[in-house]
Amino acid sequence: MKNIKKKNIWIWTVILIILSIFTIIGINNKMNKNFVIKEETLIYKNLPKSLEDYKILQLSDLHSKEFGTNNEKLINSIKEINPDLILVTGDMFTVSDISIDMNEEDLVPYQLLSKLATNYKIVYVSGNHEEGKDIIYNGDDYRTRDRSKNNAYNRYRSKLESLGVTFVENSSLQNYNDFINIYGVYFDSMEKNEYYQSIDLDKTKFNIMLCHDPKYFDTFANMGFDLVLSGHVHGGIIRIPLVGGLFSPDRTFFPKYDKGIYKINNSYMNVSTGLGDSILKRVFNPPEINVIILKNK
């Protein structure tokens, strides 16, 4: 009799564990089919009056994911937010999504950004996936890449530029709205000590750095950037309650900068968990878009 009771307890325990696992998987799958809007207000001393309540929308790591037909859910949410500026921090497609002779207008991020560009200014820095294709098609040295070459990545960029999208890749957009300087760095350039060391910041402006990988925040904070926007880490992919993100794409555990707002001196950084998936699926880590509102102290 005791053996039967013990056996029943084990059976029910296994059943409950299995049901719990399937419940968690179901909740997580539902969570990953939607996105959340993360809004942060950042306080600055001596912010120009024209930037008071200025609203920046960050898009990152889409990886060709769609929310609704033709990303209509994402587009409608952005229209409701009505940002003053959209900043894109890379990996909008996955490297395998693009082939040299494909129609670049079939790329999910092209369809998304081309629709948004009719109403909003967009500034875009590439991530490791864009740069991976750029290197294959146009060469390793960013200074000698030939944008006239006929390949899908060059056409993707060119068509977005014709719609008003600005790419900042080891380059910058100066004096936007009279008070904003926006810089961007190629993914591999920080490791090679390229470009960023030559930047001479005009401290009378509001200086933004777009850098796909957040691990260089300390460097940019020491340079005096007001705001750094990054992605890449996907929030650590699997988020452990009270601990944080588990994995980094650099194959390290518990990345230092994985999600949200960080501050060093007078510099802020926002790390977006992004919208799309990497090889591993997100766990307790919903896709997100980010809204940064600037305020004067």
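Each remark here, short or long, concerns the structure printed above.
Residues numbered from 1 in each chain as written. Predicted model: local features only at pLDDT ≥ 70, side-chain atom pairs only at ≥ 80, totals over all residues. Heavy atoms only, no water.

1. Regarding the sheet that holds strand 9 (residues 227-230)
Consideration 1: Strand order in this open sheet of 6 strands is 6-7-8-9-13-12, and the pairing throughout is mixed. Strands at the two margins of the open sheet, each flanked by one partner only, are strand 6 (171-176) and strand 12 (260-264). Put simply, the sheet's adjacent strands are angled 15° from each other on average, direction ignored.
Consideration 2: For strand 6 and strand 7 (residues 180-184), the ladder comprises 4 bridges, and the chain directions are antiparallel. The partner of Leu173 across the bridge, within strand 7, is Ile182. (Pairing = 2+ DSSP bridges. Helix = DSSP H or I, 4+ residues; strand = E, 2+ residues; numbered from the N terminus. Axes fitted to C-alpha atoms, helices over the stretch in contact; angles between N-to-C directions.)

2. Some thoughts on the sheet that holds strand 5 (residues 166-167)
Consideration 1: Taking strand neighbours across the sheet as the criterion, the 6 strands line up as 1-14-2-3-4-5 in an open arrangement whose pairing is mixed. The open sheet has two edge strands, strand 1 (36-44) and strand 5, and neither has a second partner.
Consideration 2: Inspection of the sheet shows strand 4 (residues 122-124) paired to strand 5 by 2 bridges, in the parallel sense. Within strand 5, the position partnered with Val123 by the bridge is Thr166.
Consideration 3: Packing against the sheet, helix 3 (residues 108-116) makes contact with strand 2 (55-59), strand 3 (85-88) and strand 4, and its axis sits at approximately 145° to strand 4. (Contact = heavy atoms within 4.5 Å.)

3. Things to note about the pairing of strand 9
Look at any regular strand and the pattern is simple: side chains alternate between the two faces of the sheet.
Consideration 1: Of the two faces of strand 9, the one lined by Leu227 and Leu229 and the one lined by Val228 and Ser230 are each fully buried.
Consideration 2: Where the polypeptide runs from strand 8 (residues 206-210) across helix 6 (residues 217-223) and back to strand 9, its parallel neighbour, the crossover connection is right-handed.
Consideration 3: Of the pairings in the sheet, the one linking strand 9 to strand 13 (residues 267-271) comprises 4 bridges and is parallel in character. Its bridge partner being in strand 13, Leu227 is matched across the sheet by Tyr268. (Buried < 20%, exposed > 50% of the residue type's maximum accessible area, 1.4 Å probe, protein only. Right-handed = clockwise from strand over helix to strand, strands pointing away.)

4. Examining the side chain of Arg239
Consideration 1: Here Arg239 shows up in strand 10 (residues 239-240).
Consideration 2: The exposure class assigned to Arg239 is buried, which follows from its relative accessible area of 17%.
Consideration 3: For Arg239, the side chain forms a polar contact with the side chain of Asp258, separated by 3.2 Å.
Consideration 4: Excluding anything up to four places from it in sequence, Arg239 contacts Gly244, Gly245, Asp258, Lys259, Val283, Phe284 and Asn285. (Polar contact = N/O pair within 3.5 Å; in protein donor to acceptor, adjacent residues only side chain to side chain.)

5. A few points about the packing of aromatic side chains
Consideration 1: Within this structure, the stated rule accounts for 15 aromatic pairs.
Consideration 2: Considering the side-chain rings of Tyr257 and Tyr262, the 4.9 Å spacing of their centres and the 75° angle between planes classify their relative orientation as edge-to-face.
Consideration 3: Put simply, the rings of Phe93, Tyr124, Tyr153, Tyr156 and Phe167 pair up and form one aromatic cluster.
Consideration 4: Sitting above the plane of the Tyr186 ring, Arg145 keeps its charged end 4.8 Å from the centroid.
Consideration 5: Geometry around Phe167 places Arg157 over its ring, the cationic atom sitting 4.4 Å from the centre. (Phe/Tyr/Trp six-rings, centres within 6.5 Å; stacked < 30°, edge-to-face > 60°. Lys NZ or Arg CZ within 6 Å of the ring centre and 35° of its normal.)

6. Details of a nonpolar patch on the surface
Consideration 1: The grouping of Ile240, Leu242, Val243, Phe253 and Phe254 at the surface amounts to a nonpolar patch, some 580 Å² of accessible area in total.
Consideration 2: Given the relative accessible area of 32%, Ile240 is considered partly exposed. (Patch = residues over 30% accessible without salt bridge, like charges linked within 9 Å, V, L, I, M, F, W, Y side chains within 5 Å. Areas by Shrake-Rupley, 256 points an atom, 1.4 Å probe, with all protein chains shown as cover. Salt bridge = Lys/Arg side-chain N within 4 Å of Asp/Glu carboxyl O.)

7. Details of the nonpolar core
Consideration 1: Ranked by internal contacts, the top residues of the largest apolar core, which has 36 residues, are Leu59, Leu113, Leu116 and Tyr156.
Consideration 2: Of all the secondary-structure elements, those providing two or more residues to this core are strand 2, helix 2 (72-81), strand 3, helix 3, strand 4, helix 5 (152-162) and strand 14 (288-296).
Consideration 3: The element best represented in this core is helix 3, accounting for 5 residues.
Consideration 4: Non-local contacts of Leu116, meaning those with residues more than four positions away in its chain, are made with Leu59, Ile75, Ile78, Ile86 and Ile122.
Consideration 5: Ranked by size, the runner-up nonpolar core spans 23 residues in total, among them Leu51, Leu87, Val123 and Leu229. (Core = buried A, V, L, I, M, F, W, Y, C linked by side-chain atoms within 4.5 Å.)

8. Some points on the environment of Lys215
Consideration 1: As for its position among the elements, Lys215 is in the loop between strand 8 and helix 6.
Consideration 2: Sequence-wise, Lys215 and Pro255 are 40 residues apart; in three dimensions their C-alpha atoms are separated by 8.5 Å.
Consideration 3: In this view, Lys215 contacts Glu191, Asp250 and Tyr257; residues no more than four positions away in its chain are not counted.
Consideration 4: Among the polar contacts made by the side chain of Lys215, one reaches the side chain of Glu191 at a distance of 3.4 Å.
Consideration 5: A polar atom in the side chain of Lys215 sits 3.5 Å from the side chain of Asp250.

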